Amino acid sequence: MDLELLAQLTVSGLVVGSTYALLGVSFGVIYATTRIFHLAHAVAYAGAAYAAVWSADTLGLPFWPALVVGLVAAAVLGVAIEVLFYRPMRRRNATLLTIFLVSLGISVAFPNLLQLAFGPENQSLPRPDNPTYGLGSVTISRHDVATLLICWVLIAAVATYIARTRFGRSVTAMRTNPAMAEAVGIDGKKVYLFVFLIGSLLAGVAGLLFTAKGVATPTMGLQPTLTGFIAAFLGGIGSQWGAALGGLALGLISSWSALYLQVDYGPVVVFGAMFLVLLIRPQGLLGKAAA
Amino acid sequence: MSYYADIAISILILMTLGVSLNLLLGYAGRVSMAHAIFFGIGGFTAARLTLPTVEELGGVATAGLQTGFSWHWVPALLVAVVVAAVAALVISIPAVRLVRGEYLILLTLAFQLVANQLMGVLDKVTGGPYGLSGIPPIQLGSTPLILPEQFIWVMLAAAVVAIVICWGLGESPFGRLLKGIREHESAVASVGKNPVVPELLAFSISAAIAGGVGALAAFYYGSVVPSNYSLTYSIFIVSVVVLGGIGNLSGTVVGAIALGLLEPFLREYVGDEAIPWQTVIYGAALVVMMRLRPEGLLPEGFGPGRLLNWRGRKAPKVVPTEEEALARLSQDAPEVVTEGEAEPIVQVLDLKKSFGGLKAVAGATFELERGKVTALIGPNGAGKTTIFNMICGTLRADEGRVFLRGEDVTGKPAYQLVRKGLARSFQDVRVCQRLTALNNVALGVQNQPGERVSRLVLRPFATRTAEKRVRQKALDCLALLGIADRAHLRVSELSYGDQKLVAIARLLATDCDVLLLDEPTSGVDPASVEKVIDGIARLRTLGHTVCLVEHSVHFVQRLADRAVFLDQGAVIAQGTVDELMNRRELAELYFGT
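Remember, it's a predicted structure, so these values are computed and weren't measured experimentally.

A.B. asks: Mind showing me how you'd approach the overall build of chain B here?
C.D. replies: A tally of regular secondary structure across chain B gives 25 helices and 14 strands. C-alpha extents for chain B along the principal axes are approximately 100 × 50 × 45 Å. Taken across its 593 residues, chain B has 50% of its residues classed as buried. Pairs at least 24 apart in sequence give 76% of the contacts found in chain B among residues at least 6 apart.

Listed below in structure tokens is the structure:
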């Protein structure tokens, strides 16, 4: 085996896996508490990218302020979906299936709205230099280093916040027993708002990390969001570190698969991994068996 | 003319796909996000099989590898159907263990994206991103059906066949089983039905039909292209079903026509931007519809039949009297025990269960006598329901054994216990709200040929006769409990007390000798309590052994032959109810002092 290639693939797998981990945590935080299969999560991802591109192009903002605009857009979009659609439906005792269908409607309409507004072509940000560094035979770019740092700092922050603070524990309480949590005075609405805010922000970060190196397209949110879903289920619903581990594993597996397979087969390997884990360990890698 | 026929064909394709998806989404309550892929699998299979061989093309393997096996279209269509059905079964394997809706969403969503990508990559099989072309059209006799106004009849026939299949299955006992599982999986399992297999079958049949449509579409368009089988198209099909009305096939027909006309209409007005506009419009329609009218344009159960009131919802013509019902039911009932004889049918030996540090049940031993009503009584927290759950196999005992007619049945799953003659009801009733009382009870009847798809297809008339017997039996069970006149009402329209009676009738319909009732009168108004008492007394008359968990002393005194008094997880006394209630220390324990 080509060790140099393996090392390089491992590094790129770690980088890609970190963004998958971030996406896994961002979806996991929302899903574990609300049980909504939030397909419209892709809106926050693509919305952040387009808002950043738009503010750089039209408002002429420099790189960093444009990213801030993108983050704000992700948060606003995610929270708006909860407040304008999901919350009123819950109040009317809509089933999870109905709420999922609304999510489906939003997720299919939004990219096409983007296409009607900005056109189908690629959009990009004026980006700063991206020098590469050599570590022996392995090269790593500044963007890669930034990705690693940002993803894991954010994941650790969210996991710690939920595990250690008072409000964070109320998120866990709402996840495990909503009726009881509300009976002891936890404001369910606030918790829901919080998970949508945090989840959408993280998805926005992932969208911006991608756009800072690649390009924005209307349908850009779909594939990464799905990878996030898979990561969260793979790791175990309700566990932030599980979702992060799931994402990292997916990144490494799909990167390593390039040793033997064409790059196009990456998603197939990811799907296979999910299929196997669901078959052997349905509750996910770090999930607790259902009662 | 051709232009309109072509639009009509695309609408018929959409309609057939929608109808098949509605079998899964409406009756089984499960979402598939990969319907377009099964459509595509059928298309590619049929295309490869019918394309001319290399020899026929003059022995030159062309660059695009547009060659095949030169099959006739009929076998190719059949193989396409089978391949799609098998693909669906394979994909749903993990869902067997995780019968929760969102896992099927996750699996099918991922499958949709991966399979669509593979269609573009596996160029040896699918011809790569540009797909396969030059697929020969359908030949009827010596006429190739190329023109839209010719092919439209084929597609129309296909749509009718699909509607007949889905409607037939959906309205059959199999469809009733699907709806039951959709609403209360555990309740269906508790009356002896496997809750997983019917759902997988529905998924597979739904995919099979999509595969068949895919083959027909390939024959008509002459080409199959991966981008036609995208997630967007899958969502489009879901939208057709949801907007038309989940669980209503006429709704799907209407939905397909409405959404299918959208694209040609938009092409006239916005030209090249028709596709994104179309997607925005149906996405928005989905959101608005689910917010304002989640049941869709035509709700479940609303259709031409319902308007004329000729199916199902009619009050039964002949309501059997209780005596008639009793006479008929006693043929299937267990042998009535003669007076004075006491033989145990269920033996509970030293059952133990702890939850963490809490000993919920600490060595309970007692017996149920055949043909008697036994009550488990005791203060709250005595472990009554826990024991119940261990007998029924819904909770694993730490130690101890349960014997049914001398056979060790400890930890057997609920549906196996029913086959051995023991069934239970739930404290929170778990009746299917959207089914009629009669259909709820019919779910309890065992060995129904109509619940098996193979029998429905191979022996349609025999299953129909069997279904008549099932309905008669269900009606008799309802009559015995005094609610046969409400058999045609949806359970959601009944009072809570009547719902409890429906649950007991469903239990009775299983023909199990041993019936376990979990708090049959909790939350029920006093008038209905009397009806429940009468009903249970009749179960005893029929020879059933009844065990109930109950709080009301009045109820227990009126009904129970024997009582088992539990406290802190142990049996502390057994005997007749009066004996126990006359013992001062027990009465104090029970009522508190």
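A.B. asks: Quick question: what am I supposed to make of the overall build of chain A here?
C.D. replies: Counting its regular elements, chain A contains 11 helices and 2 strands. Secondary structure elements of chain A, listed N to C terminal, follow the sequence α-α-α-α-β-β-α-α-α-α-α-α-α. The C-alpha radius of gyration of chain A comes to 19 Å, within 12% of the 19 Å expected for a compact globule of 291 residues. Viewed in the frame of its principal axes, chain A has a C-alpha envelope of about 60 × 50 × 35 Å.

A.B. asks: When you look at the sheet that holds strand β10 (residues 422–424) of chain B in this model, what are you seeing that I'm missing?
C.D. replies: Each strand in a sheet pairs with another by means of backbone hydrogen bonds, the pair being arranged parallel or else antiparallel. Residues and elements named next belong to chain B. The strand order β10-β11-β12-β7-β13-β14 describes an open sheet built from 6 strands, whose pairing is mixed. The sheet terminates laterally at β10 and β14 (570–575), the two strands that pair on one side only. Along the sheet, successive strands turn relative to each other by an average axial angle of 20°, direction set aside. When strand β7 (residues 373–377) meets strand β13 (residues 562–567), the two strands line up parallel, connected through 4 bridges. Looking across to β13, one finds that Ala375 is bridged to Ala563. With respect to the sheet, helix α16 (residues 384–391) is in contact with β7, β11 (514–518), β12 (545–549) and β13, its orientation differing from that of β11 by roughly 145°.

A.B. asks: Is there a simple way to explain the UniProt feature "transmembrane region" (unreviewed entry) in chain B in this structure?
C.D. replies: All names here are of chain B. Mapped onto the present numbering, the UniProt feature "transmembrane region" (unreviewed entry) falls at residues 6–25, 71–91, 151–170, 200–221 and 233–262. As a span, residues 200–221 carries 100% helix and 0% strand, and end to end its C-alpha atoms are 31 Å apart. Strand forms 0% of residues 233–262 and helix 87%; the C-alpha atoms that close the span are 14 Å apart.

A.B. asks: Help me understand the interface of chain B and chain A, please; the structure alone is not making it clear to me.
C.D. replies: One frequent convention defines the size of an interface as the accessible area lost when the parts assemble. With 33 residues of chain B in contact, the opposing surface of chain A contributes 32 residues. For the side of chain B that touches chain A, the element with the most residues is helix α5 (residues 101–121) of chain B, which contributes 13 residues. Its residues placed into classes, the side of chain B that touches chain A shows 24 nonpolar, 5 polar and 4 charged.

A.B. asks: Please explain the nonpolar core as it appears in this structure.
C.D. replies: Soluble globular proteins tend to bury their nonpolar side chains together. Residue and element names in this part refer to chain B. Formed by 286 residues in total, the largest nonpolar core has its most connected members in Ala84, Ala110 and Leu478. Per-domain counts for this core show at least three residues from each of domain 1 (2–230) and domain 2 (344–591). For Leu478, the contacting residues outside a window of four places in its chain are Ala437, Leu438, Val441, Ile483, Ala484, Ala487 and Ala505.

A.B. asks: Can you walk me through the UniProt feature "transmembrane region" (unreviewed entry) in chain A in this structure?
C.D. replies: Residues and elements named next belong to chain A. UniProt's feature table lists "transmembrane region" (unreviewed entry) at residues 6–32, 39–56, 62–85, 97–118, 145–163, 191–210, 230–253 and 265–284, given in the numbering used throughout. When the span residues 145–163 is considered, its composition is 100% helix and 0% strand, and the gap between its end C-alpha atoms is 27 Å. Here residues 230–253 runs as 83% helix and 0% strand, with 13 Å between its end C-alpha atoms.

A.B. asks: It is not clear to me how the domain arrangement of chain B should be interpreted in this structure. Could you clarify?
C.D. replies: Residue and element names in this part refer to chain B. In terms of domains, chain B is made up of domain 1 (2–230) and domain 2 (344–591). Of all the secondary structure elements, the ones that give two or more residues to the side of domain 1 that touches domain 2 are α8 (173–183) and α9 (185–190). Here the element with the most residues in the side of domain 1 that touches domain 2 is α8; it accounts for 7 residues. Partitioned by chemical class, the residues of the side of domain 1 that touches domain 2 number 9 nonpolar, 7 polar and 4 charged.

A.B. asks: Just to check I follow, could you spell out helix α10 (residues 240–256) of chain A for this structure?
C.D. replies: Think of an α-helix as 3.6 residues a turn; residues three or four steps apart then line up on the same face. Along its 17 residues, α10 of chain A runs 24 Å from first to last C-alpha, staying within 8% of the 24 Å computed at 1.5 Å per residue. Judged by how many residues are buried, α10 of chain A sits mostly within the fold: 13 of 17 residues are covered.

A.B. asks: Mind showing me how you'd approach the sheet that holds strand β5 (residues 344–355) of chain B here?
C.D. replies: All names here are of chain B. With antiparallel pairing, 4 strands are arranged side by side in an open sheet as β6-β5-β8-β9. Sheet topology places β6 (358–369) and β9 (407–408) at the edges, where each strand pairs with a single neighbour. For β5 and β6, the ladder comprises 9 bridges, and the chain directions are antiparallel. For Ser354, the partnering residue across the bridge sits in β6 and is Lys359. Across the sheet, α16 touches β5, β6 and β8 (399–404), and the angle it forms with β5 is around 115°.

Rules of the game
Residues numbered from 1 in each chain as written. Chains lettered and ligands numbered in written order. Predicted model: local features only at pLDDT ≥ 70, side-chain atom pairs only at ≥ 80, totals over all residues. Helix = DSSP H or I, 4+ residues; strand = E, 2+ residues; numbered from the N terminus. Buried ≥ 20, exposed ≤ 12 C-beta atoms within 10 Å, placed from the backbone. Contact = placed C-beta atoms within 7 Å. Rg over C-alpha atoms; globule rule 2.2 N^0.38 Å. Pairing = 2+ DSSP bridges. Axes fitted to C-alpha atoms, helices over the stretch in contact; angles between N-to-C directions. UniProt positions renumbered as here; feature names shortened; annotations may be inferred. Nonpolar A, V, L, I, M, F, W, Y, C, P; charged D, E, K, R; others polar. Core = buried A, V, L, I, M, F, W, Y, C linked by C-beta atoms within 7 Å. Domains from an automatic or database assignment. Expected span 1.5 Å × (residues − 1).

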